[in-house]
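# Architecture at a glance
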Amino acid sequence: AVVTLYNFQQYRHIQAPGWSLGWTWRKREVIWDVVGGQTTEQGDCSRFKGNIPHCCKKKPTVVDLLPGTPYNKQVANCCKGGVLSSWAQDPSAAAASFQLSVGQAGTTRVRLPVNFTLQAPGPGYTCGPAKVVKPSRFTTADKRRVTQALMTWNVTCTYSQFLAQKTPTCCVSLSSFYNNTIVPCPTCSCGCKSNTTLSGSCVVPNPGKNGLAVPPAVQCTHHMCPIRVHWHVKLNYKQYWRVKITITNFNYAMNYSQWNLVAQHPNFDNLTQIFSFNAKSLNPYASINDTMIMWGVKFYNDLLMQAGPTGNVQSELLFQKETESFTFEKGWAFPRRIYFNGDNCVMPPPDAYPWLPNASSRHIMSPSILVTAVLSALAFLLK
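A few points on the structure. (Residues numbered from 1 in each chain as written. Predicted model: local features only at pLDDT ≥ 70, side-chain atom pairs only at ≥ 80, totals over all residues. Heavy atoms only, no water.)

A few words on the sheet that holds strand β25 (residues 337–340). Overall, antiparallel pairing links the five strands, which are arranged β21-β22-β19-β25-β26 in an open sheet. A strand with exactly one partner marks an edge of an open sheet, and here the two such strands are β21 (277–281) and β26 (343–344). Taken together, the four bridges between strand β19 (residues 260–264) and β25 define a ladder with antiparallel strand orientation. Across the sheet, Val-262 pairs through a bridge with Tyr-339, a residue of β25. (Pairing = 2+ DSSP bridges. Helix = DSSP H or I, 4+ residues; strand = E, 2+ residues; numbered from the N terminus.)

Given below as structure tokens:
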């Protein structure tokens, strides 16, 4: 059997340490061998003589497969350390395959396995039942011969988005050239520091100390997020305006490989140039181009390092002004939403955005003060 995992998620990839796939056999089948992966539970081998590795006896029909295999047991498009790229970043790296040698399946039609599970970093996935589809066709390397599988089935696993929304992993801070105010991430965006001890909640930076990469390994901050995205409105030209984006990693135990950032802003339709990042429009609303996915340049900044001096990546975006809609007023220059590795980041409240210095909404006067001022003026006139 050939098993292929496809990651069709546009901007969420499966990152290290990778995926783990499992299912339950219906006829007590056994996996004799795996090429392109490894198994931790391969089925009920108790009826066979000898000491067979990874043989299940207490759970006789469960199979658990992991990525990674020795060099002499690799196949095409296998392994990849369990990391699957998002579909928008690199479709060619968004799939992985491995082969199984299955025994005890019988000579009649194969019965579909059940209870599929897919585990990966994050809240996890929920898998549906297997469905029989049109048999797959395979073309030989010389493209002269085509073979067809005896049977093919698909299993769809969906990301547990509801659980992801309950546990934020990133936050957004804002600043601009026209206002000295730096709007930080909201307090307790991803959690709060312990009131009694820091050792149970976060790590205080100490350059002379080793062993920071022990859980919990997030640097102590007021927001307690492992990732912070900073959006800075940098420059204003006659026909263009410029933004600087900085992604900072506060996690001492985590390198983010093949990371990606998704931003929503109404001016992405006029993005002229992006520096040191790759970018691609997602167009989730057909003709409305207000969503962009960005990711690092391979071998340059596609790996977001652990917390420390090198624990950040930066880029700048150059936008062309559209005279009908462009403005710096009322926070228009800042993003509507930010996603890091598919997770929704916590945004500051809209009334905290850096406004233009002459924006009246930054100087709101209490009605009682206004009434008092008017009465005082009338009293002065009557004297």
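From this point, the narrative continues.
With that settled, the discussion passes to the pattern of salt bridges. Two side chains that carry opposite charge are able to pair once their charged atoms sit near each other. Applying the stated criterion across every chain yields a total of two salt bridges. Its salt-bridge partner being Lys-234, residue Glu-316 comes within 2.5 Å of it at the nearest N-O pair. With Glu-316 in strand β24 (residues 312–320) and Lys-234 in strand β16 (residues 227–236), this pair connects stretches of sequence that are 82 residues apart. Among the residues examined, Glu-316 registers a relative accessible area of 14% and is labelled buried. (Salt bridge = Lys/Arg side-chain N within 4 Å of Asp/Glu carboxyl O. Buried < 20%, exposed > 50% of the residue type's maximum accessible area, 1.4 Å probe, protein only.)

This part takes up the state of the cysteines. One pass over the full model with this rule turns up six disulfides. Residue Cys-170 pairs covalently with Cys-345 via a disulfide, S to S 2.0 Å. Across the disulfide from Cys-170 to Cys-345, rotation about the S-S bond amounts to roughly -100°, and the bridge is consequently left-handed. Taken together, the residues span a long stretch of sequence, with Cys-170 in strand β14 (residues 170–176) and Cys-345 in the loop between β26 and α2 (367–382) at a distance of 175 residues. An identical accessibility class is assigned to Cys-170 and Cys-345; each is buried. In this model, Cys-202 is linked to Cys-220 through a disulfide, with the two sulfur atoms separated by 1.9 Å. (Disulfide = S-S within 2.5 Å.)

With that out of the way, let us pick up the nonpolar core. Inside soluble globular proteins, nonpolar side chains tend to come together where they are buried. In this structure, Trp-231, Met-294 and Phe-340 are the most contacted members of the largest nonpolar core, which totals 39 residues. Among the elements of the structure, β14, β16, β17 (240–249), β19, β22 (291–296), β24 and β25 are those that each provide at least two residues to this core. If sequence neighbours within four positions are ignored, Met-294 has contacts with Ile-245, Trp-259, Asn-260, Leu-261, Ala-263, Phe-268, Ile-274, Phe-277, Asn-278, Ala-279 and Leu-317. Counting residues in hydrophobic clusters, the runner-up holds 22 residues, among them Trp-23, Phe-98, Phe-116 and Ala-120. (Core = buried A, V, L, I, M, F, W, Y, C linked by side-chain atoms within 4.5 Å. Contact = heavy atoms within 4.5 Å.)

Moving on, we get to the packing of aromatic side chains. For the structure on display, the rule yields 20 aromatic pairs. Aromatic pair Tyr-6 and Phe-8: ring centres 5.7 Å apart, planes at 15°, arrangement stacked. Measuring from ring centre to ring centre gives 5.9 Å for Trp-23 and Phe-116, while their planes differ by 40°; the resulting arrangement is tilted. With Trp-23 in strand β2 (residues 20–24) and Phe-116 in strand β7 (residues 114–119), this pair connects stretches of sequence that are 93 residues apart. Residue Trp-23 shares its accessibility class with Phe-116, and that shared class is buried. In textbook terms, an aromatic cluster arises when at least three aromatic residues are bridged by ring pairs, as seen for Phe-177, Tyr-178, Trp-241, Phe-268, Phe-319, Phe-326, Phe-328 and Trp-332. When the ring centre of Tyr-159 is taken as reference, the NZ or CZ atom of Arg-12 above it lies at 3.7 Å. (Phe/Tyr/Trp six-rings, centres within 6.5 Å; stacked < 30°, edge-to-face > 60°. Lys NZ or Arg CZ within 6 Å of the ring centre and 35° of its normal.)

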